[in-house]
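# A structural walkthrough
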Amino acid sequence: MTESKINSDYRIMLLNVDVEPSSVAPIMMEILRINELDDKEEEEKKDYKREPIKIYIDSYGGCVKDMWALVHCIKTSKTPVYTYCTSNASSSAAFILIAGHKRFAYTYSEVMIHPFSGGSYGQYKDLVENAEVLERRMDKLWNYIVQNTKIPRETLDSLADHRRDWYIFAQEALELGIVDEVIDSE
């Protein structure tokens, strides 16, 4: 079983395993818990300032549905969530990185984006219907990237046409709007 690591005393979380229910759920629960605590503090103290939650990412990705659950939790958090690519944010982990209210990458880290991958099984009619669903899912993924980065849709469509993985190093990730800052680790 894979689990994310959480240090709630410092609002620090680590996603260094596959994106799946057992890794995403504890992070989501902690974000929700911290938001609830901050809401109470805000009610009591007029000038209360929410300290950011920090999620450090070193993951090869995983399940898209679990990724969306965490992305939605991050995006709707009233407490700011900062995401950090420490080494690798691939596939669905890249989408989690992009979700941060402020996004960082370390000097030698890399992000990998690729077309949606997932199998379909069943009879011919099932496969045709699944292909339509997969196309709609792919469209949602690409729209999310276009809305949250500087990457044009044409670039993403070209990736899908050629079924390629796109490896993006930290400085390029900054230029493409995937991250807001590169942390010099030299």
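Residues numbered from 1 in each chain as written. Predicted model: local features only at pLDDT ≥ 70, side-chain atom pairs only at ≥ 80, totals over all residues. Heavy atoms only, no water.

### A closer look at the environment of Trp142
- Tracing the backbone shows Trp142 in helix α4 (residues 124-148).
- By relative accessible area, Trp142 is classed as buried at 1%.
- Residues Trp142 and His114, spaced 28 residues apart in sequence, show a C-alpha to C-alpha distance of 9.9 Å.
- Each residue touching Trp142, except ones within four places of it in the same chain, is listed here: Ile113, His114, Pro115, Arg153, Leu156, Asp157, Leu159 and Ala160. (Helix = DSSP H or I, 4+ residues; strand = E, 2+ residues; numbered from the N terminus. Buried < 20%, exposed > 50% of the residue type's maximum accessible area, 1.4 Å probe, protein only. Contact = heavy atoms within 4.5 Å.)

### Overview of a positive patch on the surface
- Together, Lys65, Arg136, Arg137 and Lys140 make up a region of like positive charge exposed at the surface.
- Of the residues forming the positive patch, the biggest block, 3 residues, is contributed by α4.
- By relative accessible area, which is 57% here, Lys65 ends up exposed. (Patch = residues over 30% accessible without salt bridge, like charges linked within 9 Å, V, L, I, M, F, W, Y side chains within 5 Å. Areas by Shrake-Rupley, 256 points an atom, 1.4 Å probe, with all protein chains shown as cover. Salt bridge = Lys/Arg side-chain N within 4 Å of Asp/Glu carboxyl O. Lys, Arg positive; Asp, Glu negative; His and termini not counted. Charge placed at Lys NZ, Arg CZ, Asp CG, Glu CD.)

### Quick notes on the nonpolar core
- If you look at the biggest cluster of nonpolar residues, it comprises 46 residues, and the most contacted ones within it are Ile31, Met67, Ile96, Ile113, Ile145 and Ile178.
- Excluding residues that lie within four positions of it along the chain, Ile178 makes contacts with Leu97, Ile98, Arg103, Val111, Ile113, Thr149, Ile151, Ile168 and Ala173. (Core = buried A, V, L, I, M, F, W, Y, C linked by side-chain atoms within 4.5 Å.)

### Concerning the state of the cysteines
- Scanning all chains against the criterion turns up 0 disulfides.
- Cys63 takes part in no disulfide bond, and the closest cysteine sulfur to it belongs to Cys73, at a distance of 16 Å.
- Taking the relative accessible area as the measure of exposure, Cys63 reaches 33% and is therefore partly exposed. (Disulfide = S-S within 2.5 Å.)

### Details of the packing of helix α1 (residues 21-44) against helix α2 (residues 64-75)
- Running from N to C, α1 and α2 point in directions that differ by 10°, and their axes come no closer than 10 Å. For the element pair α1 / α2, the angle class is roughly parallel. Both α1 and α2 take part in a crossing whose hand is left-handed. Between α1 and α2, the contacting residues are Pro21, Val24, Ile27, Met28, Ile31 and Leu32 on the first element and Asp66, Ala69, Leu70, Cys73 and Ile74 on the second. (Axes fitted to C-alpha atoms, helices over the stretch in contact; angles between N-to-C directions. Parallel < 35°, antiparallel > 145°, perpendicular 65-115°, else oblique. Left-handed = near helix turned anticlockwise from the far one by under 90°.)

### Quick word on the pattern of salt bridges
- Evaluated as defined, the whole model comprises 10 salt bridges.
- The partner of Arg50 in a salt bridge is Asp39, and the shortest N-O contact between them spans 2.4 Å. Pair noted here: Arg50 is in the loop between α1 and β3 (53-59) and Asp39 is in helix α1, with a separation of 11 residues, a long-range link.
- Taking relative accessible area as the criterion, Arg50 reaches 10% and is therefore assigned buried.
- The residue Arg153 makes a salt bridge to Asp139 at a minimum N-O spacing of 2.8 Å. With Arg153 in helix α5 (residues 153-162) and Asp139 in helix α4, this pair connects stretches of sequence that are 14 residues apart.
- A relative accessible area of 24% means that Arg153 is categorised as partly exposed.
- Overlapping salt bridges, with partners in common, bring together Asp39, Glu42, Arg50 and Lys78 in one network.

### Thoughts on the packing of α4 against α5
- α5 packs onto α4 with a crossing angle of 145° between their chain directions and a minimal axis gap of 10 Å. Of the two possible hands of crossing, α4 and α5 adopt the one that is right-handed. On α5, the residues touching Asp139, Trp142, Asn143, Ile145 and Val146 of α4 are Arg153, Leu156, Asp157, Leu159 and Ala160.
- Considered class by class, the residues forming the contact of α4 with α5 number 6 nonpolar, 1 polar and 3 charged. (Nonpolar A, V, L, I, M, F, W, Y, C, P; charged D, E, K, R; others polar.)

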